[in-house]
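Here's the letter readout for the chains.
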Amino acid sequence: MLLTLDIETIPTDDPEIIAEIAAGITHPKNMSKADTIAKWEAEDKPAAVAEAVARTSFDGGAGRIVCIGMAVDDGPAWSVCRSSEFEVLTEAFGFIMDSLRDFKGGHGSESVTVVGHNVADFDLRFLWQRAVVHGLRLPSCLPRSPKPWDKTVGDTMVMWNPNREKRVSLDRLCKILGVPTSKGDMDGSKVAEAAAAEEWDKIARYCEADVIATRACYLKMAAA
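What counts and what doesn't
Residues numbered from 1 in each chain as written. Predicted model: local features only at pLDDT ≥ 70, side-chain atom pairs only at ≥ 80, totals over all residues. Heavy atoms only, no water. 1 Å grid on protein atoms, 1.4 Å probe; cavity = no way out; pocket = protein on both sides within 12 Å on 5 of 7 lines; lining within 4 Å. Points joined across faces, edges and corners; volume = space filled by probe spheres on them. Helix = DSSP H or I, 4+ residues; strand = E, 2+ residues; numbered from the N terminus. Nonpolar A, V, L, I, M, F, W, Y, C, P; charged D, E, K, R; others polar. Buried < 20%, exposed > 50% of the residue type's maximum accessible area, 1.4 Å probe, protein only. Pairing = 2+ DSSP bridges. Core = buried A, V, L, I, M, F, W, Y, C linked by side-chain atoms within 4.5 Å. Contact = heavy atoms within 4.5 Å.

Novice: Please set out the layout of surface pockets residue by residue, giving values where relevant.
Specialist: Reported here for the largest pocket is a volume of approximately 610 Å³. Elements with a minimum of two residues in the lining of the largest pocket: strand E1 (2-10), helix H5 (119-134), helix H7 (170-177), helix H8 (191-196) and helix H9 (200-222). Counting residues per element, the lining of the largest pocket draws most heavily on E1, which supplies four residues. Class assignment of the residues belonging to the lining of the largest pocket gives a composition of 10 nonpolar, eight polar and six charged.

Given below as structure tokens:
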């Protein structure tokens, strides 16, 4: 079974975490005058705090998942997208487990390849971390700590180039391989803004487009 997977995450909105982040951001060490420090605190620190908070969308201990998109084999892309992370996880895990049961019933096997772009280092780790937070168990076919070269994982970023310094974005990989890109008016940097506006359908369509593009890239490279 080929399970293509993509998640969309947003930064923390927890006031305690944000306050902790803000407390850890201090003025540059070369500043010593009180008025210069006060000016930095008023004019520059808010942007520094906002930037640090935005980065928590990559941190499974602080950010959260608002959308999970999937496709089984060559089937249509499907997603669950809403404000409740617990509901997103439970519904997505249910879809995966139902798909796995159907697959095993037809094949008598649990051979699953999880496909995604940077899925080994990011998506699967983030999913496991958020599942732990909510007291949920990952479906058995999702590896907890996969290596990028694990046969149960088809990481399109690593497949194209395993060198960390030369890894490629999904958009760039699509253009290289002649695959329709999922990037347009919507991209990952706009997910938090769309979530704040409760534009769940917009996020879902974007996530599903990522799934379709990733699968196309994987199949083209796997066939080479």
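Text resumes after the structure shown.
Novice: Summarise the pairing of strand E4 (residues 113-116); cite the residues concerned and give the values.
Specialist: Burial of E4 is two-sided: the residues Thr113 and Val115 facing one way and the residues Val114 and Gly116 facing the other way are all buried. In this sheet, E4 lies alongside E1 in parallel orientation, the contact comprising three bridges. Paired with Thr4 across the bridge in E4 is Val115. Pairing between E4 and strand E5 (residues 153-155): three bridges, direction parallel. The partner of Val115 across the bridge, within E5, is Gly154.

Novice: So what about the nonpolar core? Which residues, and what values?
Specialist: Ranked by internal contacts, the top residues of the largest apolar core, which has 27 residues, are Leu3, Leu5, Ile65, Ile68, Leu127 and Leu142. Counting only elements with at least two residues in this core, the list comes to E1, strand E2 (64-72), helix H4 (85-107) and H5. Considering each element in turn, this core owes the most residues, seven residues, to H5. With residues near it in sequence (within four places) discarded, Ile65 still touches Ile7, Glu8, Thr9, Glu85, Val88, Leu89, Phe126, Leu127 and Arg130.

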